[in-house]
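Secondary and tertiary structure notes
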Amino acid sequence: MKKLLIAIISLLFAVTVNAQNRFPKPDFESGYQYPDITYQVPHETAWITVDIILLVLLMSIVAWATLKKRTHKPVVAVSIISVAYFGFFRSGCVCSIGSVQNIALALADDTYILPLSVLLFFILPVLFAFLFGRVFCAGVCPMGALQELVNLKNYKLSKTVTAMLRMTPWIYLIFAILYAVTRSSFIICRFDPFIGIFRMGGDLGLILFGALLLVAAVFTGRPFCRFLCPYGALLSLFAQVSIWKVQITKRPCINCELCHNACPVDAIKPPYDNKIKETRIKGVKRIVNYFIVFLPLMIFAGAVLMRSISSNLSRANKDVRLYDMVVQHESAPQDILSLELEAFYGQGGTIEALAEIYNGIQKDFRLYSTFAGALIGLVTGFTLIGLSVKRTRKQYEIDHANCVACGRCFEYCPQNSLKQNEL
Amino acid sequence: MTNNENKKSPIARRKFLQTLGSAVAGGAILSVSGGLMYRAKRQEATLYWQIDPQKCTQCGRCETHCVLPISAVKCIHANKVCGYCDLCGGYYRSNVKELNTAAENLMCPTGAIERQFVEDPYFEYTINESLCNGCGKCVKGCTSFGNGSLYLQIKRDLCKDCNECKIATVCASGAITRVAFDMAYQLKE
C-alpha cells in the first residue's frame, strides 16, 4: 500500500500544474447520483429600489421640515431611521460619499460601466442640495446622522483653525478622485471610519478612529462632516447656490446670538463691523489683485509640486508596485518569490507587457496629478483669500455652504416662538 | 457710474453671481446625470465581486483580508469534475502516512471537508460551508495534484458588496474583479 502511495504521489508531481482531468470521471456501479447543488445570486434590485425610494423620501421630509415647517424634530426621526436602515441594516455600501469615486472613474474611463443605482445615489443628494440645501447631510446620510444623534455640546474652534481644517475635505476629495480615475484605489471606502461600527467588525484601527470621531462629536458638532467628508465639500458648492434656502426665522433678526450658539457646525456668522475702513474701490482692487496674481501662482505651484511627485503617488497602484517588484527581481533574482511574483510568473506574465501597462499608468498619473495639484492650489488659495476678506454683516447670517440643515437653530430663535399675532 | 447705481450695486452683483452659480450648478447636474444615464443604460453594469478560478493562485489572502470576521470566500466543490480519489490532494496533506481522519493528516484546518465512502475505490467529498474559512489550502492541493474540482468563490449571499473589495486590493493574481449579474458565479461544470 505504501509503495503504491509513493508511486501515485510521484506520478502526480510529474503532471503539469495546469492540466485538468488528471483522473478520469469515475464509473459508478452502485447507481450513485451527483449531488445537486445550486448557487443562487440574490437579486438586489428590490432592496436597491427601497434604498432609492427611502433616500428621496427622507430628503423630502428634511426639506419640508427645515424649509417649510422650521422644526428640528422630524430631522431627529429621519436620523434614527437612517442610522438604523442605511447604517446598521444595509451596512453602508454603496453610499453617496463613496459613489463620488465611481462617478469620477466613469467620467474618466469609458470602459467602466457605472451601475444605475450608484449614479442615483450620487446625483439625488446633489440635486436636493441644489434645490433645498444640504438636506442629505442633515440626517439622511447615516454617518452625519450618527454624529448628530450623539452630539451634546457645541464647543467652537477659532475661525482660522476652522477655515484651515475645512480645506481637508477638499484635499481628500481631490486625492480620492485622483486615485479613482487612475484605477488605483477607492480611498474614501478604504478609510471609512464608520463602516466598521455599522458592520460591527472590521479593521480595528478604523473602528477606533470612528469611535474617536464619535467622542469628539459629543463635544463639537459633526467633526467628520465638517473636516473630512469629501462629499459634503462637493454638496457645499451646490448648497451655496441652492434655489430655496433655509431661513432661521421669517421675522426680523434681533441679534440675540442664540442661533449662533445652537449651531453645531458653526454655519451661522455673527454680525461684524469692519474696523478698517477701506474705500470700496480699494477693497475691490485688493480682491482683484488676489485673484489675478496670488491665485494663479498658487495653482501653478500646486500643479508643479504634484506633477513632480506623481511617480511616488503612482505607487498606490497595484500594477506599479508589481512592476517595481518584477524589475527588482530581474536585476537580483531571489530564491523565495513573493506571492505576487509567484502569481505573475505563474500566469506567464512578461516584463514587456507589464512595462506597457506601467507606462500607461505613469502617464495617467502625470496628467491627473497635475490637475489635482492645480485644484489643491486653487482650494488653498481660496481659503487664504477667504480669511483675508472681512465682510460687514449687520445681523446673524447663515453660511449656506456649511449649513447642514439640521434645524437646531429654529427652536432657539425667540422670534419663532412668538405667536402669529404677537408681532 | 452715478452715485445711485453705486449704492445698489453690491446686492445686484451678489444676486447676479448667485443666479450665475445656480445656472452653472444646474447645468452641471443635468449634463453629468444625462451623460452617465445614457451610458448606464447601454450595457449591464458590473456590480458583483467574483474570483476567476482560472487566475486564482490560492495565496491565502481571501481568508485574512475580507471585511467580514469569517471571509465571504468559500471553497466550492464541482462533483462532476472530481475524480473521487481515495488519496485526495485537497483532503489529505502531501506525504501522509495513513489515510485516516487524524487532524495532522488533513489539509483543511477547520475540518470543513466531509468525506464519504461511495463504492470501491471512490469517495465523495462535500464542503461544510459553515466551517470553511476560505483559506484555499484544499484548493491548492486539488489544483496541483487533482482535477481542480475544488475552487474558491465569493458566496453571493454572504458578500457585502463593498464598493472596494478589500481582498481585491491585495489579491496576488488579480483574480477578483467586478462582474455582471450573469457571471456572478463562475462555476466549473
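The next subject is the overall build of chain A. Of regular secondary structure, chain A possesses 21 helices and two strands. On C-alpha atoms alone, chain A measures out to a radius of gyration of 28 Å, which is more than a quarter above the 22 Å that the 2.2 N^0.38 rule sets for 423 residues. For chain A, the spread of C-alpha atoms along the three principal axes comes to 100 × 55 × 35 Å. The buried share of chain A, reckoned over its 423 residues, is 47%. Looking at chain A alone, contacts between residues at least 24 apart form 81% of all its contacts between residues at least 6 apart. Of the accessible surface of chain A, which amounts to about 22,300 Å², a share of 65% is contributed by carbon and sulfur atoms.

Attention now goes to the overall build of chain B. A tally of helices and strands in chain B yields four helices and six strands. For chain B, the α and β elements follow one another from N to C terminus as α-β-α-β-β-β-α-β-α-β. Its C-alpha atoms give chain B a radius of gyration of 28 Å, clearly above 16 Å, the size a compact globule of 189 residues would have. For chain B, the spread of C-alpha atoms along the principal axes amounts to about 105 × 30 × 25 Å. Counting only residues that meet the buried cut, chain B has 51% of its 189 residues in that class.

Counted by the stated rule, this structure contains ten salt bridges over all chains. Between A:Arg408 and A:Glu148 there is a salt bridge whose closest N-O contact spans 2.8 Å. With A:Arg408 in helix α21 (residues 408-412) and A:Glu148 in helix α7 (residues 142-150), this residue pair connects regions lying 260 residues apart in the sequence. A:Glu148 matches A:Arg408 in its accessibility class, with the two residues each being buried. Between B:Lys155 and B:Glu129 there is a salt bridge whose closest N-O contact spans 2.9 Å. Taken together, the positions of B:Lys155 in the loop between β5 (150-154) and α4 (166-170) and B:Glu129 in the loop between β4 (122-127) and α3 (137-145) put the pair 26 residues apart, joining distant regions of the chain. Residue B:Glu129 is classed as partly exposed on the basis of its relative accessible area, which comes to 30%. Salt bridges sharing partners connect three or more residues here, namely A:Glu148, A:Arg222 and A:Arg408.

A few words on α7(A). When you tally the buried positions in α7(A), you get seven out of nine residues, the bulk of the element. For α7(A), the full list of buried residues reads A:Pro142, A:Met143, A:Gly144, A:Ala145, A:Leu146, A:Gln147 and A:Glu148.

Turning next to the domain arrangement of chain A. Residue and element names in this part refer to chain A. The domain boundaries assigned to chain A delineate domain 1 (47-253) and domain 2 (280-388). For domain 1 versus domain 2, the distance between C-alpha centres works out to 27 Å. Listed by partner, the interface residues are 16 residues for domain 1 and 16 residues for domain 2. Contact with domain 2 buries surface across domain 1, with Met-167, Ile-174 and Leu-178 losing the most and accounting together for 33% of the total. Applying the counting criterion to the domain 1 and domain 2 interface returns zero salt bridges. Viewed at the interface, domain 2 and domain 1 are joined by three residue pairs in polar contact (both at pLDDT 80 or more). Broken down by secondary-structure element, the contributors of at least two residues to the side of domain 1 that touches domain 2 are α8 (159-165) and α9 (167-181). Sorting elements by how many residues they give to the side of domain 1 that touches domain 2 places α9 first, with eight residues. In terms of residue class, the side of domain 1 that touches domain 2 is made up of eleven nonpolar, three polar and two charged.

What follows concerns a nonpolar patch on the surface. All names here are of chain A. On the surface, a cluster of nonpolar side chains totalling about 510 Å² of accessible area is made up of Val-284, Val-288, Phe-291, Ile-292, Val-293 and Phe-382. Sort the elements by how many residues they give to the nonpolar patch and helix α16 (residues 280-308) lands first, with five residues. For Val-288, the position within the fold is in helix α16. Note on Val-288: relative accessible area 40%, which makes it partly exposed.

Next up on the list: the environment of A:Gln33. All names here are of chain A. Within the secondary structure, Gln-33 is located in the loop between α1 (2-14) and α2 (45-69). Classification of Gln-33 as exposed rests on a relative accessible area of 64%. Separated by 241 residues in sequence, Gln-33 and Asn-274 place their C-alpha atoms 89 Å apart.

Parameters and conventions
Residues numbered from 1 in each chain as written. Chains lettered and ligands numbered in written order. Predicted model: local features only at pLDDT ≥ 70, side-chain atom pairs only at ≥ 80, totals over all residues. Heavy atoms only, no water. Helix = DSSP H or I, 4+ residues; strand = E, 2+ residues; numbered from the N terminus. Rg over C-alpha atoms; globule rule 2.2 N^0.38 Å. Buried < 20%, exposed > 50% of the residue type's maximum accessible area, 1.4 Å probe, protein only. Contact = heavy atoms within 4.5 Å. Areas by Shrake-Rupley, 256 points an atom, 1.4 Å probe, with all protein chains shown as cover. Salt bridge = Lys/Arg side-chain N within 4 Å of Asp/Glu carboxyl O. Domains from an automatic or database assignment. Buried area = accessible area lost by both parts, 1.4 Å probe. Polar contact = N/O pair within 3.5 Å; in protein donor to acceptor, adjacent residues only side chain to side chain. Nonpolar A, V, L, I, M, F, W, Y, C, P; charged D, E, K, R; others polar. Patch = residues over 30% accessible without salt bridge, like charges linked within 9 Å, V, L, I, M, F, W, Y side chains within 5 Å.

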